[in-house]
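One letter stands for each residue in the lines below.
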Amino acid sequence: MSFKSLLVPVQPASACNEALPHVVEFAQSLGADLTGVASLASIFIANPWIVSGDIVQQLTDDQEGELKAAEERFHIASRALNGHAHWRTRHDYPNMALNTEAAGADLILATMDKGPEASTIGLPTLVLEAGLPVIVLPPKAAPIRTDNILIAWRNTADARRAVTAAMPLLEKAKRVIALQIAGPADMDEARAGLEALQARLKRHGVALETEIVSKKSIVDADVLLDVARVRAIDMIVLGGYGHARAREWVLGGMTQDLLAATTVPLFMVH
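Quick caveat: nothing in here was measured; it's all calculated off a predicted structure.

Chemist: Explain the overall build of the protein to me, using residue names and the numbers behind them.
Modeler: A count of helices and strands for the protein gives 8 helices and 12 strands. Looking at the protein as a whole, 47% of its 270 residues qualify as buried. Across the protein, the fraction of contacts at a sequence separation of at least 24, relative to all contacts at a separation of at least 6, is 79%. Entry remark: accessible area of the protein is about 13,300 Å², with carbon and sulfur atoms responsible for 51%.

Chemist: I'd like to hear about the packing of helix H5 (residues 157–172) against helix H6 (residues 187–202), residue by residue, with values.
Modeler: The geometry of a pair of packed helices is captured by two quantities: the angle between their axes and the separation between those axes. Orientation of H5 relative to H6, taken along the N-to-C sense of each, is 35°, at an axis distance of 12 Å. Our pair here, H5 against H6, has a crossing hand that is right-handed. The residues of H6 that touch H5, namely those facing Arg-160, Val-163, Thr-164, Met-167 and Leu-170, are Leu-197, Arg-200 and Leu-201. Here the residues of the contact of H5 with H6 sort into 5 nonpolar, 1 polar and 2 charged.

Chemist: Tell me what's going on with the nonpolar core, and back it up with residues and numbers.
Modeler: Membership of the largest hydrophobic core comes to 50 residues, with the highest contact counts inside it found for Leu-6, Phe-26, Leu-34, Ile-151, Leu-170, Leu-201 and Phe-267. When neighbours within four sequence positions are excluded, Leu-170 is seen to be in contact with Ile-149, Ile-151, Val-163, Val-176, Leu-201 and Val-206. Grouped together as the second largest cluster of nonpolar side chains are 37 residues, Ala-97, Val-136, Val-213 and Met-268 included.

Chemist: Mind laying out the packing of aromatic side chains, listing which residues take part and the relevant values?
Modeler: One pass over the structure, following the stated rule, counts 2 aromatic pairs. When the ring of Phe-3 is compared with that of Phe-267, the centres are 6.2 Å apart and the planes differ by 45°; the resulting orientation is tilted. Residue Phe-3 is located in the segment before strand S1 (5–9), and its partner Phe-267 is located in strand S12 (residues 266–269); the two are separated by 264 residues in the primary sequence. The pair formed by Phe-3 and Phe-267 is uniform in burial state, with each residue classed as buried.

Chemist: Summarise the sheet that holds strand S2 (residues 33–39); cite the residues concerned and give the values.
Modeler: Taken together, the 10 strands give an open sheet; going across it, the order is S3-S2-S1-S4-S5-S12-S9-S6-S7-S8, and neighbouring strands pair in mixed fashion. The open sheet has two edge strands with one neighbour each: strand S3 (85–90) and strand S8 (208–214). Strand after strand, the sheet turns through a mean of 25° between neighbouring axes, direction not considered. Sheet topology note: the S1/S2 ladder contains 5 bridges and is parallel. Residue pairing in the sheet places Leu-7 in a bridge with Thr-35 of S2. Contacts from helix H3 (residues 94–101) reach S1, S2 and S3, with the element oriented near 150° to S2.

Chemist: If you had to explain the confidence of the model for the protein to someone new, which residues and values would you point to?
Modeler: Low pLDDT means the predicted coordinates in that region are not meant to be read closely. Of the residues in the protein, 84% have a pLDDT of 70 or more, and the chain-wide mean is 86. In the model of the protein, strand S11 (residues 248–251) stands out as the element of lowest mean pLDDT, 42, in contrast to S1, which has the highest, 97. Scored below 50 in pLDDT, residues 242–251 shows 21 contacts in the model against residues more than four places distant or in partner chains.

Chemist: A description of the pairing of strand S7 (residues 175–182) should follow, citing residues and the corresponding values.
Modeler: With 7 of 8 residues buried, S7 lies mostly within the body of the structure. Inspection of the sheet shows strand S6 (residues 148–152) paired to S7 by 5 bridges, in the parallel sense. Within the sheet, the bridge partner assigned to Asn-148 lies in S7 and is Arg-175. Assessed by its sense of winding, the connection that carries the chain from S6 through H5 to S7 is right-handed. Taking the sense of rotation as the criterion, the β-α-β connection linking S7, H6 and S8 turns out right-handed.

Chemist: Could you give me a rundown of the pattern of salt bridges, with the residues and numbers involved?
Modeler: Scanning the model with the defined rule gives 9 salt bridges in all. With a closest N to O distance of 3.6 Å, Glu-101 and Arg-88 form a salt bridge. One end of the pair, Glu-101, is in helix H3; the other, Arg-88, is in strand S3, with 13 residues separating them in the sequence. Under the relative-accessibility criterion, Arg-88 is labelled partly exposed at 36%. Residues Arg-231 and Glu-211 are paired through a salt bridge, measuring 2.8 Å at the closest nitrogen-oxygen approach. Of this pair, Arg-231 sits in the loop between helix H7 (220–230) and strand S9 (235–239) while Glu-211 sits in strand S8, placing them 20 residues apart in sequence. Residues joined by salt bridges that share partners form a network here, namely Arg-88, Arg-90 and Glu-101.

About the thresholds
Residues numbered from 1 in each chain as written. Predicted model: local features only at pLDDT ≥ 70, side-chain atom pairs only at ≥ 80, totals over all residues. Heavy atoms only, no water. Helix = DSSP H or I, 4+ residues; strand = E, 2+ residues; numbered from the N terminus. Buried < 20%, exposed > 50% of the residue type's maximum accessible area, 1.4 Å probe, protein only. Contact = heavy atoms within 4.5 Å. Areas by Shrake-Rupley, 256 points an atom, 1.4 Å probe, with all protein chains shown as cover. Axes fitted to C-alpha atoms, helices over the stretch in contact; angles between N-to-C directions. Left-handed = near helix turned anticlockwise from the far one by under 90°. Nonpolar A, V, L, I, M, F, W, Y, C, P; charged D, E, K, R; others polar. Core = buried A, V, L, I, M, F, W, Y, C linked by side-chain atoms within 4.5 Å. Phe/Tyr/Trp six-rings, centres within 6.5 Å; stacked < 30°, edge-to-face > 60°. Pairing = 2+ DSSP bridges. pLDDT = per-residue confidence, 0-100. Right-handed = clockwise from strand over helix to strand, strands pointing away. Salt bridge = Lys/Arg side-chain N within 4 Å of Asp/Glu carboxyl O.

This is the structure:
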């Protein structure tokens, strides 16, 4: 089991521009192909009768220029991959374009960007709808390392699925820690779940360390990020807990807190 096909959105004016060299390096370390995707939704003119054809054409040309510039950035950054770098351009909402291209990938890497839906990846939606693991890269670009991995554990379907998806990285890591935050009444159950996880990973050659932190008033995400800082963690593995409400995908509180504050990549699965 390994990751052989990576997918990265390369949006115009994106934080991915700084992260792209590190994504390429990560693909090389895995011996994987890397596909870059740029997409912008087609221009919508609310009142076409008051906008001249020249203006519409100029807007269209500007959009095409942005997509071409993104393609050029990708090709320059991915030269070292030789024939293992691929490019896709789509005229669609970025999340819909990635969902389509996900059919040919094992793993998505995406940066945290803010902007309109027509030109920016919505990370919560991506995690919940892509059907693939997503490595969310923090705002400050840095090499992507997987020597020291922290599993944000609780014995749920999402967490178990995340561990399964991350197995290729866990098997190669030098140190793997599973951390569960639990209340006093849940300690015995937490220990049992961690022991079962430890036994499972041992069969894969992973020497798992386990830790339980008593749940207090402090925010769970802060506990995870503090442990990540103290233990020099390279990546956090977690399930993307979420639900659908009023036709809008919403991630759970701790996951949202991590997305807002993390300084290390998050390996997320829903």
